[in-house]
Amino acid sequence: VSLEVRPGQVTCLLGPSGCGKSTTLRLVAGVERQQSGTILVDGRVVCDSGHSVPPEQRQIGLMFQDFALFPHLTVDQYVVFGLIADIQRSIRVAELLDRLDMTRHASSFPHELSGGEQQRVALARALAPKPKIMLMDEPFSGLDNRLRDGIRDETLEILREQGAAVLLVTHEPDEAMRMADEIALMRDGRIVQHGSPIELFNAPVDSKAAAFFSDINILKGKVDNGQVVTPFGVFDTTTLSRGTSAHIVVRPQHMRLDLDRNGTGPAPTKNEGEAVRAVVKRARLMGKESLVELNCVSDNCLIKASVPGVFLPKTGTFMWLMVPRNKCFIFPDR
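First, a word on what this report is: a plain description of the structure on this page. Please read these numbers as outputs of a predicted model, since none were measured by experiment.

The helix and strand inventory of the protein stands at eight helices and 18 strands. Dimensions of the protein, computed from C-alpha atoms along their principal axes, come out at roughly 80 × 45 × 25 Å. Out of the 334 residues in the protein, the part that is buried amounts to 46%. In the form shown here, the protein has an accessible surface area of approximately 17400 Å², with 50% of it arising from carbon and sulfur atoms. Across the protein, the 39 positively charged side chains and the 40 negatively charged ones have centroids separated by 5 Å.

Glancing now at the side chain of Asp-258. With respect to the secondary-structure elements, Asp-258 resides in strand 13 (residues 256-259). Among the polar contacts made by the side chain of Asp-258, one reaches the side chain of Arg-261 at a distance of 3.2 Å. Once you skip the residues sitting within four places of it in the chain, Asp-258 turns out to touch Pro-266, Met-319, Trp-320 and Met-322.

If you look at the biggest cluster of nonpolar residues, it comprises 44 residues, and the most contacted ones within it are Val-79, Val-121, Met-134, Met-136, Leu-159 and Ile-183. Excluding its chain neighbours within four sequence positions, the residues that come into contact with Ile-183 are Cys-12, Leu-14, Ala-176, Met-177, Gln-193, His-194, Gly-195, Pro-197, Leu-200 and Phe-213. Val-276, Ala-278, Val-280 and Val-307 belong to the second-largest nonpolar core, a separate cluster that totals 24 residues.

Here we take up the packing of helix 4 (residues 115-127) against helix 5 (residues 145-162). Orientation of helix 4 relative to helix 5, taken along the N-to-C sense of each, is 15 degrees, at an axis distance of 11 Å. The angle between helix 4 and helix 5 falls in the class roughly parallel. Taken as a pair, helix 4 and helix 5 cross one another with a handedness that is right-handed. Contact residues: Gly-116, Gln-119, Arg-120, Leu-123 and Leu-127 in helix 4; Leu-147, Ile-151, Glu-154, Thr-155, Ile-158, Leu-159 and Gln-162 in helix 5. For the contact of helix 4 with helix 5, the residue count by class is six nonpolar, four polar and two charged.

What follows covers the pattern of salt bridges. Enumeration according to the criterion identifies 17 salt bridges in this entry. For Arg-256, the salt bridge goes to Glu-272, with nearest N and O atoms at 2.8 Å. Residue Arg-256 is found in strand 13, and its partner Glu-272 is found in the loop between strand 13 and strand 14 (276-285); the two are separated by 16 residues along the sequence. We classify Arg-256 as partly exposed; its relative accessible area is 32%.

Let's shift gears to helix 5. Counted at 1.5 Å a residue, the expected span for helix 5 with its 18 residues is 26 Å, and the 26 Å between its end C-alpha atoms agrees. Of all the positions in helix 5, only Arg-148, Ile-151, Arg-152, Thr-155, Leu-156, Ile-158 and Leu-159 are classed as buried. The buried residues of helix 5 occupy an angular sector of 160 degrees when projected down its axis, which confines them to one face. Exposed residues pointing more than 90 degrees away from the buried face of helix 5 are listed as Arg-146 and Glu-161.

Quick notes on the rules
Counting of residues starts from 1 at the beginning of each chain's written sequence and follows it residue by residue. For this predicted model, a pLDDT threshold of at least 70 governs which residues receive local features, and a threshold of 80 or more governs which side-chain atom pairs are given and counted, while totals over whole chains, interfaces and linings are taken from all residues. Calculation of side-chain values draws on the structure's entire complement of heavy atoms; hydrogens and water are dropped beforehand. Only runs of H or I of at least four residues qualify as helices and only runs of E of at least two qualify as strands under DSSP, and these elements are numbered from the N terminus. The buried label goes to any residue with under 20% of its type's maximum accessible area, the exposed label to any with over 50%, and the partly exposed label to all in between, with areas taken from a 1.4 Å probe on protein chains only. Note on areas: these come from Shrake-Rupley sampling with a 1.4 Å probe, and a residue is covered only by the protein chains present in the view. In this count, Lys and Arg are taken as positive residues and Asp and Glu as negative ones, while His and the chain termini are left out. Working definition for charges: the position is that of NZ of Lys, CZ of Arg, CG of Asp or CD of Glu. Between N or O atoms, a polar contact is any pair within 3.5 Å; within protein, one atom must be a potential hydrogen donor and the other a potential acceptor, and residues adjacent in sequence are included only when both atoms are from side chains. Whether two residues are in contact is decided by their heavy atoms, any of which lying within 4.5 Å being enough. We define the nonpolar core as a collection of buried residues of types Ala, Val, Leu, Ile, Met, Phe, Trp, Tyr and Cys that are connected through side-chain atoms lying within 4.5 Å of one another. Interaxial angles span 0 to 180 degrees and are taken between N-to-C directions of axes, which are lines fitted to C-alpha atoms, for helices over the stretch in contact. Geometric relationships in this document are graded by angle, where less than 35 degrees denotes roughly parallel, more than 145 denotes roughly antiparallel, 65 to 115 denotes roughly perpendicular, and other angles denote oblique. Helix crossings are classified by the rotation of the near helix relative to the far one: an anticlockwise turn of less than a right angle makes the crossing left-handed, while a clockwise turn makes it right-handed. Lys, Arg, Asp and Glu make up the charged group, whereas Ala, Val, Leu, Ile, Met, Phe, Trp, Tyr, Cys and Pro make up the nonpolar group; the residues left over, Gly among them, are polar. A side-chain nitrogen of Lys or Arg and a carboxyl oxygen of Asp or Glu constitute a salt bridge if their distance falls within 4 Å. Expected span of a helix, by definition, is 1.5 Å for each gap between consecutive residues, and there is one gap fewer than residues. Working definition: the arc comes from the directions between the helix axis and the C-beta atoms, pointing outward to the latter.

Function-wise, these values are silent; they only describe arrangement.
What follows is the structure, given as structure tokens:
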């Protein structure tokens, strides 16, 4: 793993459970120690093969999924906990509670607070020492969906105001896309792709990376003279050699559906290639869009297509499918 997080920047470590996200966070925090490599904070080595700076001296804030509040301390006692005793610390606590709209709860205990309020207390405690780095391990996953978006946006706004470098762990791609300035996509203990959300979504490094951000369809074919030959026509490629087994990745929202006209479909076009006849297996309304699953008549291949709004053709309905060439990705089989 090699990663740099800059002040005022939110970087998300994104990946499936068990890929190494939380372990990376614990190494940066100093809770665990790496076997090799170097960790630097603001240019200062805090851990290498020779020595390790204690966690409390790294100027790093931590927020966890369960908030880890002390049940016997009131809100103001918890936020002030760990601050150096001086005349300024009460002012610092008052400022944070006011900024987070928690002043009226200063004398409350954790069990008297809602989940969203507990999250704000945990944030105030983490921000109190003015850390240079904020490490967050899925801190919003315990909140219900209606609360999550507002509290998440408010939290990141405050962290950016403070100029903290934020390293946040999540396994939710939608959350990473919404929050991150940069995303480091992890798999099996390694960062497989690193860049802005739009870069990872529009230029995935492989089909697994594409599949992490949305459902995908995979069309298989062989390369011949710079083209991948499939039932949907040919797809141009300049990177794969002749005879290579390849697959075309296309997201459901980019599949184009057309009605069946007594067994006849639309004529081939340069951008969409050949139309393939398919039969509807099921259709479901997913909220803002409808998801239609179809089996291709030629090889029974399952294809998913999403359509904005309500579109629910009956099971057994024949339709035609096309793939826009500018909306797909070509990868070699591995």
